[in-house]
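What follows is the residue order along each chain.
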Amino acid sequence: MDYLKDLRLDTLTNCYPKEYMEKILDRMTIEYNEDKKPFSVLAIDLDHFKQYNDKYGHLYGDELLKYFSGMLHRSFKDSGYIPIRFGGDEFVVIFPGAGVKESLALGNRFRTVLLNEPFVMQGKFFKVHYSGGIATYPRDSRNIKELLDKADKAMYHSKAHGRGRVTHYVLVQKLNAIRRVLFGVLALLVIAGVAVGMVLKDPKKYGMESQVKFLREKFSGIVQKPSDVFNPAANVPLDTVYMKSGRTFRGKVLSQNADVVKFGLGAGNSEGSVIIKKSDILRI
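Chains are numbered independently. Their residues run from 1 in the order of the written sequence. Thresholds applied to this predicted model are a pLDDT of at least 70 for local features of residues and 80 or more for the giving and counting of side-chain atom pairs; totals over whole chains, interfaces and linings are not thresholded and use all residues. Values reported for side chains reflect all heavy atoms of the structure, with hydrogen atoms and water molecules removed beforehand.

Novice: How would you sum up unusual backbone geometry? Please name residues and give values.
Specialist: Following Tyr137, the chain continues to Pro138 via a peptide bond in cis, the omega torsion being 5 degrees. Here Pro138 lies in the loop between strand 7 (130–137) and helix 5 (144–160). Backbone geometry at His48 places phi at a positive 60 degrees, although glycine is not the residue there. Along the polypeptide, His48 turns up in the loop between strand 2 (39–46) and helix 2 (49–56). Backbone geometry places Gln122, a non-glycine residue, at a positive phi of 50 degrees. Helix numbers and strand numbers start at the N terminus; a helix is a DSSP run of H or I with at least 4 residues, a strand a run of E with at least 2.

Shown next, in the form of structure tokens:
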């Protein structure tokens, strides 16, 4: 990486300016084609930097950026890292030769270092947090702009889920896949519900008369048609059905034939009706 020696550094943070980022990443892709070693991009955004800047002023904001970049250089010095100041409180760090696990470990190590060595200003201690997102070449993309976009999406995932953490795009990808599956299942359930409703409404139209008739007869014990419901509030004497099983029902006989009795329930002010086989009845 001798070509980096000819590039100037940002005077405040000692990182490479944003204008060199595309050139550096293009060079990284060339090196990958030669040695087939992946590289990862860590997108960094300081948490709550704007509030700190607004409260204490830009001079102290610059001091915080110096502290942050100094800790960054110290934390990554053995990784062959390439630090870039993207703008304001945003940084990009490139890790040559680092895959998913290696880059995630580096990002989390830096997060721990910041927590253990807080920023000191006017006798006050500030624990600095950052939200990070990582994408790995070529696993996540072979297109540089797309790779940076995925690192950015992973960073915003970190911000949206509590800040002060590092997320690899692998996790974002898995969560998106789970969401798609859940949405698909939900859509199928909705479609199935609509289809069942249509068949029950007009079974003849769909050639399902026998199937619907069977289901209605099988579950006739929970029929709740308004016309079948017995109203115990009316001054009508209640009938009692004594079952051979020992159970009893209080209500009113609504209708009957040679085999079954349709009985409107009235005990306990409940509503509904049941179909009872006469062979199961001891007496009424």
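Novice: Summarise the environment of Ile24; cite the residues concerned and give the values.
Specialist: Structurally, the position occupied by Ile24 is in helix 1 (residues 21–35). Relative accessibility thresholds used throughout: buried, under 20% of the residue-type maximum; exposed, over 50%; partly exposed, between the two (1.4 Å probe, protein chains only). Given a relative accessible area of 0%, Ile24 falls into the buried group. As a C-alpha pair, Ile24 and Ile82 span 58 residues in sequence and 8.8 Å in three-dimensional space. When checking whether two residues touch, look at their non-hydrogen atoms; a contact exists if any pair is within 4.5 Å. Beyond its immediate chain neighbours, meaning those up to four positions away, Ile24 contacts Tyr3, Leu4, Leu7, Tyr16, Ile82, Ile84 and Ile94.

Novice: Any chance you could break down the sheet that holds strand 8 (residues 166–168) for me, citing the residues and the numbers?
Specialist: Each pair of strands is called paired provided DSSP finds at least two bridges between the two strands. The strand order across the open sheet formed by six strands is 1-3-4-2-7-8, and the pairing between neighbours is mixed. Looking along the sheet, the strands with just one partner apiece sit at the ends: strand 1 (16–17) and strand 8. One ladder, built from seven bridges, connects strand 2 with strand 4 (residues 90–96); its direction is antiparallel. Across the sheet, the residue bridging to Phe39 is Pro96, located in strand 4.

Novice: Describe the pairing of strand 7, and please don't skip the residues or the numbers.
Specialist: Among the eight residues that make up strand 7, eight are buried, leaving the element largely enclosed by the rest of the structure. Alternating residues of strand 7 divide into Tyr130, Gly132, Ile134 and Thr136 and Ser131, Gly133, Ala135 and Tyr137, and every residue in both groups is buried. Note that strand 2 and strand 7 share eight bridges and pair antiparallel. Bridging across to strand 7, Leu46 finds its partner in Tyr130.

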